[in-house]
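Chain by chain, the residues run as shown.
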Amino acid sequence: MSLPVELSNIFRSKQKSYKMVLVNSMIDTWRETHDQMLKFDDVARRFLTYYQYRESSGDVVDSPPSYLSTRWESMNLFQVRSLLDTPIEALRSVVVKQADGAFLTFANSVWSQGEAVLFELQDYANRELDLYHRHLEQGPSFSLKESLVHILQTYSQAKTETFANHDLGVLFRKTLPEQLQSLPFISEHIRIQGSVGQGNWATVPWLALMDTRITKSTQYGEYIVYLFAEDMSAVYLTFNQGVTKPIQERGRKEGYKFLQQKVAELRESLDFQGFSKDENIHLTEAGLGRDYQVSTVAYKRYDASHIPSDEQLIADLEQLMTTYQAYVERKLQTDQIEDPEFPLETVEENMDDEAVRGHLDRIQSYIQNKGFAYPTGLIENFYLSLKTKPFVILAGVSGTGKTKLIKLFAEALGATSENGQFTLIPVRPDWSDPSDLIGYSDLSGKFRPGRVTEVLLEASRNPSKPYFICLDEMNLARVEHYFSDMLSILETQEWRDGRIATAPIIHSSSFVQDEDQEVYGNLSIPENVYLIGTVNMDETTHPFSKKVLDRANTIEFNDIFLDQFPDEELGAGPRPEATPNRFLRSDYLQLVDAYNADSKDLISSTTEKLMKINSILEEIHAHVGFRIRDAVCFYMLYNQRFGLLAEDEAFDHQLLQKILPRIQGSSASIRRVLLNLMRECVDSSFTVNEYLEDTTSLFEGDKLKPLLDRAKYLRSARKIASMLRRLEEDGFTSYWLS
């Protein structure tokens, strides 16, 4: 016969060999006594005899817990009874204590299947024991000590080097998690995640081991984590709690109180022998340093100058993992994971920064295999623009594939019109208010939702999935008339319970009927909705106001390659892949969200460039404010984090997309501003005064080509040249006239 399902997986998660030996000891005791009620002392004696025999024979064997003894021969029955509490708890579905712990027995569901199942269960236990001991004989296939020493010795120097694709990043995110996962006491429920920062080097790098049954993020719940001191003087192995969500939801003061109360409860109820239980964990002088002191339940410090042997490091980790798993099992048994403070289903896993490049390569391949070609860097630019703010405008002449780009980009992420995650809304010329998008109340008072409202409602019910709304030819009508409300609401974005929330698109009090209030009342723009408009740049469409331009990245692509043909050997290519919203969601809403020691240099240099440009734009009252400064800085920071574009190329995109669309007119001041911006794009040797009266000579012969060849910001320089030519020929210029 084959083992029932409830027995066939009881040894999958191995905390040493205790569970297998306990089951064997119980079955051997039953075979001797033929009694279903097994004296605990008899089982414990057999359990101890097994380990003492292997130890005396020189066979590989688990060491006893260090807080009890160093060798099995010195263990007594009382100590064994204490040790067995953990495997008995882990096997609670099949092993039961009786008579206040004086007896052990198998659950009724086991006895009811007859004696044969016990013989097969013992065979299963022996097979797992053989595999386990074989693994012990081979020893770990890596050196945890060497990895820790390497990090402590090289991290400070690494912080002065390029962040993207650094070897230490690979060690934390891939190598160490894979190696630790191979340890026999790490169960299939444990997710191991390491971090050296997001785009910039972290002050305190970490490596966490989380049981996914109670937490999937270091932002909440309990887990084991290695924490490295900022000065690399030590690394701490800790039993810790996530601080982000408690502080976000309760405020720092109340969040600290909550964490300190949990620390006291956990220290009282769990076994942390050999670990420190105080607040003397020193990682950094500010910021997370205090958070870690408050949230750490227990820890063991390893000084950089004296890292223990692999055997000791792994024994410490195993001891702490045993305590952690006992806590998890207890929490699962009491259903404490249903705590509404930290609902699991609302927490998305972090998107690894280094995974972003892979996602974009897959998107690019998907689009190419559909037979479409776009300029180099466009996909990266489109992604960075969406990440910066969920409202992007694609501009260009008709037929360049703007709508197709949005549709294919969404498809590659698993968002299609079939599953409702991609919605195409053609804009009508007669739209003069938001009712066609948001909705209206009919004569009976019944609310008739617009298409956008329907998408927002669906997206709010599926927060982990991205939703795309494409407003096709959005400037056929005046954007300010039908879209102004949405733009204003986007500006109310704020962090709320760890998510981005906005003001409602329609307040609950505006609805007449109760059922409409219940469904649509206070519906806001969820953080997983992305609005993209397409624009044809010609004289038949309406211009944009600064209110619109300030809130969007305007991506222009007019390059048309008529000789670009589909590849005859196009294969199936990558399939669409459902991608979590974390890939696209903004991480920064205000500059304070991004401003830290690792980012301030890039923020400062970017701001200096914008200040120089602002001094030029002030002449025509087109200078930018804090909103655009923040958006440009966010774009530059994301680009640096993910290592997508060269810094000058990224700033070139922002100059083209956030600054130049604001310029239009016919005066001499417009010419002067464009010429001064051209000098910023090329170099200081460009003589503005030569062209102040007449720019015709700039376009004579090959004069423009060498100018563009040496341009620092090539795309912007080309656009400025085009705008200057239009000004010279027509007496009027605008970004929107090609």
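Residues numbered from 1 in each chain as written. Predicted model: local features only at pLDDT ≥ 70, side-chain atom pairs only at ≥ 80, totals over all residues. Heavy atoms only, no water.

Participant: Explain the environment of D550 residue by residue, including any values.
Facilitator: Here D550 is to be found in helix 19 (residues 546–550). Remark: the alpha-carbon pair of D550 and L83, spanning 467 residues in sequence, is separated by 65 Å. Filtering out sequence-adjacent residues up to four positions away, D550 remains in contact with R627, I628, K658 and R662. Here R662 takes part through its side chain, which lies 2.3 Å from a polar atom of the side chain of D550. (Helix = DSSP H or I, 4+ residues; strand = E, 2+ residues; numbered from the N terminus. Contact = heavy atoms within 4.5 Å. Polar contact = N/O pair within 3.5 Å; in protein donor to acceptor, adjacent residues only side chain to side chain.)

Participant: Now, about the layout of surface pockets: what can you tell me, with residues and values included?
Facilitator: The computed volume of the second largest pocket comes to approximately 1,100 Å³. Looking at the second largest pocket, it is lined by 43 residues, and the ones nearest its centre are K16, S63, A315, E318 and Q319. A per-element tally of the lining of the second largest pocket places helix 11 (residues 310–333) first, with 13 residues. The class makeup of the residues in the lining of the second largest pocket is 19 nonpolar, 14 polar and 10 charged. (1 Å grid on protein atoms, 1.4 Å probe; cavity = no way out; pocket = protein on both sides within 12 Å on 5 of 7 lines; lining within 4 Å. Points joined across faces, edges and corners; volume = space filled by probe spheres on them. Nonpolar A, V, L, I, M, F, W, Y, C, P; charged D, E, K, R; others polar.)

Participant: Describe the pattern of salt bridges, naming the residues involved and giving the relevant values.
Facilitator: When the charged atoms of two side chains with opposite charge come close together, those side chains can pair. Tallied over the full model, the rule gives 42 salt bridges. Between D316 and K300 there is a salt bridge whose closest N-O contact spans 3.2 Å. In this pair, D316 is assigned in helix 11 and K300 in strand 8 (residues 298–303), connecting sequence segments 16 residues apart. Like D316, the residue K300 is buried in the burial classification. Across the salt bridge formed by R551 and E491, the nearest N and O atoms sit 3.7 Å from each other. Of this pair, R551 sits in the loop between helix 19 and strand 17 (553–556) while E491 sits in the loop between helix 17 (479–490) and strand 14 (494–496); the two residues are 60 residues apart in sequence, bridging distant segments of the chain. (Salt bridge = Lys/Arg side-chain N within 4 Å of Asp/Glu carboxyl O. Buried < 20%, exposed > 50% of the residue type's maximum accessible area, 1.4 Å probe, protein only.)

Participant: Can you lay out empty space enclosed by the protein for me, pointing to particular residues and giving the numbers?
Facilitator: For the structure on display, the rule yields three cavities of 30 Å³ or more. Taken as a whole, the largest cavity holds about 70 Å³ of empty space. Considering the residues around the largest cavity, the lining is formed by 13 residues, among which P390, Q493, I500, E527 and S586 are closest to the centre. Class assignment of the residues belonging to the lining of the largest cavity gives a composition of eight nonpolar, three polar and two charged.

Participant: Quick one: what's the story with the pairing of strand 2 (residues 95–98), residue by residue and with numbers?
Facilitator: Bridge count for strand 2 against strand 3 (residues 103–106) is four bridges, and the pairing is antiparallel. The residue of strand 3 that forms the bridge with K97 is L104. With antiparallel pairing between neighbouring strands as the criterion, strand 2 and strand 3 make up a hairpin whose turn holds four residues, including A99 at a positive phi of roughly 50 degrees. (Pairing = 2+ DSSP bridges.)

Participant: Quick one: what's the story with helix 24 (residues 668–681), residue by residue and with numbers?
Facilitator: Between the first and last C-alpha of helix 24 there are 20 Å, a value that for 14 residues agrees with the 20 Å anticipated at 1.5 Å per step. For helix 24, the set of buried residues is I670, R671, V673, L674, L675, N676, L677, M678 and C681. Lining the buried residues of helix 24 we find helix 21 (600–617), helix 23 (647–659), strand 18 (664–665), helix 25 (704–709), helix 26 (714–730) and strand 19 (733–734). (Expected span 1.5 Å × (residues − 1).)

Participant: Which residues make up the environment of S417, and what values go with them?
Facilitator: Within the secondary structure layout, S417 lies in the loop between helix 14 (402–412) and strand 10 (422–426). Judged by relative accessible area, which is 45%, S417 ranks as partly exposed. Separated by 60 residues in the primary sequence, S417 and A477 place their C-alpha atoms 24 Å from one another. Only 3.4 Å separates the side chain of S417 from the side chain of E418, close enough to count as a polar contact.

Participant: Could you give an account of the sheet that holds strand 10, with specific residues and numbers?
Facilitator: Sheets are built from strands paired through backbone hydrogen bonds, the pairs being either parallel or antiparallel. With parallel pairing, five strands are arranged side by side in an open sheet as 10-13-16-9-17. Looking at the sheet topology across the chains shown, the edges are occupied by strand 10 and strand 17. Pairs of neighbouring strands in the sheet enclose a mean axial angle of 20 degrees, with direction left out of account. Bridging between strand 9 (residues 391–396) and strand 17 involves four bridges; their strand directions are parallel. What sits directly across from I393, in strand 17, is T554. (Axes fitted to C-alpha atoms, helices over the stretch in contact; angles between N-to-C directions.)

Participant: Outline the sheet that holds strand 2, supporting the account with residue identities and numerical values.
Facilitator: Taken together, the three strands give an open sheet; going across it, the order is 1-3-2, and neighbouring strands pair in antiparallel fashion. Unpaired on one side and paired on the other, strand 1 (38–39) and strand 2 mark the two borders of the sheet. Across two bridges, strand 1 lies against strand 3 in antiparallel orientation. In the sheet register, L38 faces strand 3, and the bridge partner there is L104.

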